[in-house]
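# Residue-level structure breakdown
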Amino acid sequence: MTNPLLRIENLTIDIYSPDGVKELIRGLHLNIEESKIVALVGSSGSGKTSIGLSILRLLPAAMAIREGKIIFADEDILNVPLEKMRSLRGRDIAMVFQEPLSAFNPVFTIGCQMNEVLKFHTALSWRQRKGKILELLDSVGIPEPGRIAGQYPHQLSGGMRQRAMIAQAIAANPRLIIADEPTSNLDVTLQAHIIELFQKIRKELNIAMLLITHDLGVVNALADEIAVLSDGRIVEWGPTQGILKDPRHPFTTELVNSLVT
Amino acid sequence: MSKKEKHLSQFQLAMRQFGRNRLAIFCFWILVILYLSAAFADFLSPYSYNNEDRNYSYCPPTKIHFFENRKPVRPHIYGTHLTFNEIHKRVYVAEIKRRHDIKFFVKGDEYRLLGFFPARLHLFGVDAPGRIHLLGADSRGRDLLSRILFGARVSLSIGVAGVFISFIFGLLVGGVAGYYGGTTDNILMRLCEMFMMVPGFYLMLALRAAFPPDLNSLQVYFLIVVIFSFIGWASLARVVRGMSISLKEREYVLAAKAVGLSDFAIITRHILPHTVSYSIVAMAMSIPGYILGESALSLLGLGIQDPYASWGNLLSEAMGIVYIKFAPWILLPGLFIFVTVICFNVIGDALRDVMDPLLKMEGKAP
């Protein structure tokens, strides 16, 4: 068996507050295999997003990784120089944010911001980039990509924005996408569309994904594996169907029950 | 509401609102006229800035006559000769016999239009030996209107150039200090405070004194721009630093980091553009300071040197009360400075009203 694409070992994240230091994550282990979707579920405030950000080494200043290893493609990314890290971000590991309206810069058009990613991570010419942007927007199911590329984030609907966000994430052909609650701000029909889109991306591009969510419906539809985060640890981790049918940990049981009702 | 109207950008909305401010529009056009006249100073002025005739020293504004023997004729002026009255004051006596018609598009002093095209054409003028001084002449008999127009080149451009450089510097320093925080922030901000601590005018004088006094006018011009930029960046940098501290916490900055942009790209593309509404207002508001600063330096003889003209060094001729008494027109460059400064201030105020989002929320928005 080859090594997994992403291996998180014994990750401990401290959170600093005026009241002192607290452990947010304690000794977390998690693997993501190539082109597998792993769902990280947990209640809000449990540190799901922080795990996602720590993979990109973008934790906010109030948090720090105390110990542990994050190994991506056989490289300990907590120890690579910043320059190298920068080229990993966006090119090998991309992130889809929960709220695309605030994750896009309001003063630049969608096309302009996608162009930035391509400019940094590919050697394409200006003309090629332009074509690539239209292609990407088209591939995520955006009608009239030419028009949308010239629009500002606030001019798009929520669903279109999320699609554009995903298009930006897959722009440089990453091997891993960290999707931070990609559907929780969308209504149910749009959720279904985005889930479909993720399925398509996964099938066509073979991108592995860390799906951070608290919505077991989405997990059920997308994920190969579930990792349940509670109290700073992974309390249960296994194939989706198995865990949804037969939850062992009380917290998972609670989650699964909430899905049924 | 039509589709087009719905998608007006923030900038277009702001400009539309700006357009409703009549006074600001009026001032804007005054400035446009002033800047255009400065650009085409060679053509608009009857003489070159150093065309002198000592026989016309302190010659008062030339009277234009439209009638001769009560009959309307072409506008013309009369030649004059210089005498002194009983208190030895200069008196220019018009000689009816020496009539000079005012002609348009006449050939006069040679110049290069916009610095490139050699030309001799002037908008108006009179045939030699007559001289027309619509705003009077200075001590050496040089036409004040011509010198004001040429002086506008220096006085009007120095503000824009100074602001431009100091703002690039201020934005970068402020952006970097705010974005990195910590020690970088501390060092840069203490540096800013060092500059802000010294009163601007004395710093300006000290810096001017640090350079040799016998520079040519072009060098002095650049020196003044550099000095002003050197002084002006600090206050802007402090404000931008504050904005940058708050802007760097926005999610799109995190997103920009997540796609692997470099710090420089994040600062210049994702942080500084959001300070633009503040910076534009601050720019419009600080241009008058630069214009006045140049005038002050030139007035003290430290700026642009004779024979080159700037509004400040034209005013330096008016330093003695005696000259103001018998040749009050040499104060006119001051009027130009006054009008320009007022115009920039009015526009700056109007822009601030337009850019301030709080004002917009008070129901004024379309």
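In what follows, the accompanying structure is described. (Residues numbered from 1 in each chain as written. Chains lettered and ligands numbered in written order. Predicted model: local features only at pLDDT ≥ 70, side-chain atom pairs only at ≥ 80, totals over all residues. Heavy atoms only, no water.)

### Focus: the pattern of salt bridges
All names here are of chain A. Counted under the stated rule, the structure contains 24 salt bridges over all chains. Measuring nitrogen to oxygen at the nearest pair gives 3.8 Å for the salt bridge that ties K48 to E181. Here the residue K48 occupies a position in helix α1 (residues 48-55), and E181 occupies one in the loop between β7 (176-180) and α8 (188-205), the gap between them amounting to 133 residues. Residue E181 is classed as buried on the basis of its relative accessible area of 8%. (Salt bridge = Lys/Arg side-chain N within 4 Å of Asp/Glu carboxyl O. Helix = DSSP H or I, 4+ residues; strand = E, 2+ residues; numbered from the N terminus. Buried < 20%, exposed > 50% of the residue type's maximum accessible area, 1.4 Å probe, protein only.)

### A few points about the sheet that holds strand β5 (residues 75-76) of chain A
The strands making up a sheet associate through hydrogen bonds between their backbones, and the pairing can be parallel or antiparallel. Residue and element names in this part refer to chain A. Across the sheet, which stays open at both edges, the four strands sit in the order β2-β1-β4-β5 with antiparallel pairing between neighbours. Since the sheet does not close on itself, it has two edges, and those belong to β2 (20-32) and β5, each with one partner. Bridge count for strand β4 (residues 63-72) against β5 is two bridges, and the pairing is antiparallel. Paired with I71 across the two strands is D76, which belongs to β5. Against the sheet, α1 engages β1 (6-17), β2 and β4, with an angle of about 115° to β1. (Pairing = 2+ DSSP bridges. Contact = heavy atoms within 4.5 Å. Axes fitted to C-alpha atoms, helices over the stretch in contact; angles between N-to-C directions.)

### Points about the sheet that holds strand β6 (residues 93-96) of chain A
All names here are of chain A. Read from one edge of the open sheet, six strands run β6-β7-β8-β3-β9-β10, paired in mixed fashion. A strand with exactly one partner marks an edge of an open sheet, and here the two such strands are β6 and β10 (233-239). When strand polarity is set aside, the average angle formed by the axes of neighbouring strands in this sheet is 15°. With five bridges connecting them, strand β3 (residues 37-42) and strand β9 (residues 225-230) associate as parallel partners.

### Digging into the pairing of strand β3 (residues 90-101) of chain B
Residues and elements named next belong to chain B. Here strand β2 (residues 71-84) runs beside β3; their pairing, made up of nine bridges, is antiparallel. Its bridge partner lying in β3, L82 is registered against Y92. Taken together, β2 and the strand that follows it, β3, pair antiparallel across an intervening segment of five residues, in which H88 is found at a positive phi of about 60°.

### What to know about α1 of chain A
With seven of eight residues buried, α1 of chain A is to be regarded as a mostly interior element. Downstream of α1 of chain A by one or two residues, R57 of chain A has phi in the positive range, about 55°.

### Notes on the nonpolar core
Counting 166 residues, the largest nonpolar core has I8, L28, I55 and L137 of chain A as its most contacted members. For this core, the element with the most residues is helix α8 (residues 217-247) of chain B, which contributes 13 residues. One finds A41, V126, L149 and F150 of chain B within the second-largest nonpolar core, a separate group that totals eleven residues. (Core = buried A, V, L, I, M, F, W, Y, C linked by side-chain atoms within 4.5 Å.)

Everything listed is a geometric property; what it means functionally is a separate question.
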